[in-house]
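Below are the chains, spelled out letter by letter.
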Amino acid sequence: MNLIVANDYADLSRVAAERIAAAVARKPDAAIVLATGNTPMGAYAELARMQRAGAFDATHIRPFQLDAYLGIPFDDERALYGWLERAFLRPLGIARERVVMLPDGAPDPEAACRAYDAAVDAAGGFDLAVLGLGPNGHLGFNEPPSPADAPTRRVILTEASLNSNGPYWGGRDRVPREAITCGMRHLLAARETLLLVSGAHKREILRATLYGPVTSDVPASLLRLAGKVTVIADAAACGRDDPTWRC
Ligand code: PGA
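What you see is a predicted model; the values in this text were computed from it and never measured.

What follows is about the overall build of the protein chain. Within the protein chain, the regular secondary structure consists of eight helices and nine strands. Relative to its length of 247 residues, the protein chain is compact, with a C-alpha radius of gyration of 17 Å against a globular reference of 18 Å. Each of the three principal axes of the protein chain carries a C-alpha extent, and together these read 50 × 45 × 35 Å. Counting the 247 residues in the protein chain, one finds 57% classified as buried. Residue pairs at least 24 apart in sequence account for 79% of intrachain contacts in the protein chain once pairs closer than 6 positions are excluded. As presented, the protein chain carries roughly 10100 Å² of accessible surface, and 53% of it is formed by carbon and sulfur atoms. When the 27 basic and 29 acidic side-chain charges of the protein chain are each reduced to a single mean position, those positions are 3 Å apart.

This is the structure we're talking about:
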């Protein structure tokens, strides 16, 4: 696992966008699983800027949705697909037909999960995973404990995730209680992973991810068993001012 310490959020976003663009330059039809959440938003905006400048071309990528709340209508403002569409797909001109989705309102969530895993297998696995770090160490909605072989599945959100997602939607009570998430099995098998971490509030969980026990109780720590993983963290998340910190 490599660690890049960015000066600030803008620097993190630029470095992450350059890494994504480099992966796509190597393989234009890369299968990429993409997080929503606040952290990758700067990188996605930077990619759109690069595409306008001719320095990035998203035409052939194969995007995969990372996670979805369950039981809300497709056009609900909380639908995570909608967030991905606003932040990534539309600015880059990627049509919905190209995206492998995790449908929020699926009548049969288990079947939707099986179809998603089959689509990842058919794509030959992920070429790139762009992930954020949950305050409880979750990746996507792989809530602790999530074993390394966990498939794509239906999950009940933990208190930590309800609390941290509350601000996205105007309060904790508006956060759906269940979700479906791409499983750890496919995430850990990605040929390249970028884990983006920003802000002082992520300091402790970043430390646990990098230096604590490798355990399903901190799903992100399992990335230390995976292949090519780069953590891009800003100085606030690293706590450079903390003398006990080893960044
Ligand atoms: P954030 O969310 O990027 O908004 O911090 C990360 C997560 O909870 O997975």
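A few words now on the layout of surface pockets. In this structure, the largest pocket encloses a volume near 450 Å³. In terms of lining residues, the largest pocket is bounded by 24 residues, among which Gly37, Asn38, Asn165, Tyr168 and Lys202 are the most central. The element that contributes the greatest number of residues to the lining of the largest pocket is helix 5 (residues 159-169), accounting for four residues. Here the residues of the lining of the largest pocket are counted per class, giving ten nonpolar, twelve polar and two charged.

Cut-offs used in this document
- Residues numbered from 1 in each chain as written.
- Predicted model: local features only at pLDDT ≥ 70, side-chain atom pairs only at ≥ 80, totals over all residues.
- Heavy atoms only, no water.
- Helix = DSSP H or I, 4+ residues; strand = E, 2+ residues; numbered from the N terminus.
- Rg over C-alpha atoms; globule rule 2.2 N^0.38 Å.
- Buried < 20%, exposed > 50% of the residue type's maximum accessible area, 1.4 Å probe, protein only.
- Contact = heavy atoms within 4.5 Å.
- Areas by Shrake-Rupley, 256 points an atom, 1.4 Å probe, with all protein chains shown as cover.
- Lys, Arg positive; Asp, Glu negative; His and termini not counted.
- Charge placed at Lys NZ, Arg CZ, Asp CG, Glu CD.
- 1 Å grid on protein atoms, 1.4 Å probe; cavity = no way out; pocket = protein on both sides within 12 Å on 5 of 7 lines; lining within 4 Å.
- Points joined across faces, edges and corners; volume = space filled by probe spheres on them.
- Nonpolar A, V, L, I, M, F, W, Y, C, P; charged D, E, K, R; others polar.

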